[in-house]
Amino acid sequence: MGFVVIPHSTSPYFEVYDESTLLKAVDFSMKPGANPAGSAANAAAISPNGAFVAVGHSLSPYVSVYDTATWNRVTLSGGNPTGSVNALHFSPDGALMAVAHATAPFVTVYNTATWAKVTLTGGGLEGSGRSCEFSPSGNHLAVSSTTSPFLTIYATSDWSKVSLPVAPSANTPAVAWTSSGALIVTDGNQIRVYNPADWTS
């Protein structure tokens with residue numbers, strides 16, 4: 001079964017539909033504590049295998065992750081993100097979930113086998129995380145932010161930061177990878193495309 005998740009700013013803040021029937025997949029009103037934040041849902045993501053649905057909130061606990069077999073909330077053993085969530089994304093194999101948020105370290109990555117936080121050896125971002133997305137290969141995670149250098153790319157093999165020959169010159173609201181592995185980012189009033197072979201743009 002596939003799902004469609006719709007986050008919004010009024011109660012119940014998010015809804016989950018069966019992709020094939022477009023009927024609600026779950027009635028969260030029947031599951032007390034399903035939305036503990038009681039606040040606007042800013043983002044949502046579904047794991048590639050459909051096992052998990054994640055919703056990012058404006059208020060604590062900032063992220064709710066649901067096991068779609070039971071629709072019970074998953075306990076995040078590593079703890080919650082530190083601030084209002086702007087974006088969520090699962091890696092292609094579903095083993096990782098990235099969260100871009102508004103409070104330092106501005107990006108959090110979870111191991112979905114244990115829901116522990118991954119240690120980012122390269123450190124966090126310099127400003128509020130705006131968007132995040134794993135590459136099709138799963139080898140890189142791109143995260144945009146409100147503060148220079150505006151774009152941070154992590155190598156998921158060791159969580160070091162990739163050195164970019166040319167960084168975006170302005171606030172970067174969005175990042176997206178093409179199916180062939182090129183990285184597209186917004187850079188002020190223009191679009192910048194990075195080639196992951198040498199990170200030129």
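Just so you know, these numbers come straight off a predicted model, no measurement behind them.

All right, on to the sheet that holds strand β16 (residues 183–187) then. The antiparallel open sheet is built from three strands, whose spatial order is β15-β16-β17. The open sheet has two free edges, formed respectively by β15 (175–177) and β17 (190–194), since each of these has just one partner strand. Strand-to-strand, the axes of this sheet are offset by a mean angle of 25°, without reference to chain direction. In the sheet, β15 pairs with β16 via three bridges, with the strands oriented antiparallel. Bridge pairing links Ala176 to Ile184 in β16.

Moving on to the packing of aromatic side chains. Here the structure, examined in full by the defined rule, presents six aromatic pairs. Taken together, a centroid distance of 6.3 Å and an interplanar angle of 50° make the contact between Tyr110 and Trp115 tilted. Each member of the pair, Tyr110 as well as Trp115, carries the same accessibility label: buried. Residues Trp177 and Trp199 carry aromatic rings whose centres are separated by 6.2 Å and whose planes lie at 80° to one another, so their mutual orientation is edge-to-face. Separated by 22 residues along the polypeptide, Trp177 in strand β15 and Trp199 in the segment after β17 bring together distant segments of the chain. Residue class for Trp177 comes out buried when judged on its relative accessible area of 10%.

Within the secondary structure, Thr172 is located in the loop between β14 (160–161) and β15. There is a polar contact of 3.3 Å between the side chain of Thr172 and the backbone oxygen of Thr186.

This part is about the nonpolar core. Buried together is how nonpolar side chains tend to be arranged in soluble globular proteins. Grouped together as the largest cluster of nonpolar side chains are 16 residues, with contacts concentrated most on Val63, Val65, Leu88, Phe90, Met97, Val99 and Trp115. Elements with a contribution of two residues or more to this core: β3 (41–46), β4 (52–57), β5 (63–67), β7 (85–90) and β8 (96–101). Broken down by element, this core gets its largest block of residues, three residues, from β7. Leave out the neighbours within four places in its chain, and Phe90 touches Ala45, Ile46, Ser47, Pro48, Phe52, Ala54, Leu96, Met97, Thr112, Trp115 and Phe134. With 15 residues, the next largest nonpolar core counts Ala100, Val107, Leu141 and Val143 among its residues.

Time to look at the sheet that holds β4. Across the sheet, four strands lie side by side as β3-β4-β5-β6; this open sheet has antiparallel pairing. Lying at the two open borders of the sheet, with one neighbouring strand each, are β3 and β6 (72–73). As defined by bridge partners, β3 adjoins β4 across five bridges and the pair is classed as antiparallel. Each residue of the ladder has a partner; that of Ala45, found in β4, is Ala54.

Moving on, we get to the side chain of Glu15. Note that Glu15 resides in strand β2 (residues 14–18). Among the polar contacts listed, one links the side chain of Glu15 to the side chain of Lys24, at a separation of 3.0 Å. Non-local contacts of Glu15, meaning those with residues more than four positions away in its chain, are made with Val4, Val5, Ile6, His8 and Lys24.

Basis of the calculations
Residues numbered from 1 in each chain as written. Predicted model: local features only at pLDDT ≥ 70, side-chain atom pairs only at ≥ 80, totals over all residues. Heavy atoms only, no water. Pairing = 2+ DSSP bridges. Helix = DSSP H or I, 4+ residues; strand = E, 2+ residues; numbered from the N terminus. Axes fitted to C-alpha atoms, helices over the stretch in contact; angles between N-to-C directions. Phe/Tyr/Trp six-rings, centres within 6.5 Å; stacked < 30°, edge-to-face > 60°. Buried < 20%, exposed > 50% of the residue type's maximum accessible area, 1.4 Å probe, protein only. Polar contact = N/O pair within 3.5 Å; in protein donor to acceptor, adjacent residues only side chain to side chain. Core = buried A, V, L, I, M, F, W, Y, C linked by side-chain atoms within 4.5 Å. Contact = heavy atoms within 4.5 Å.

These figures capture arrangement, not role.
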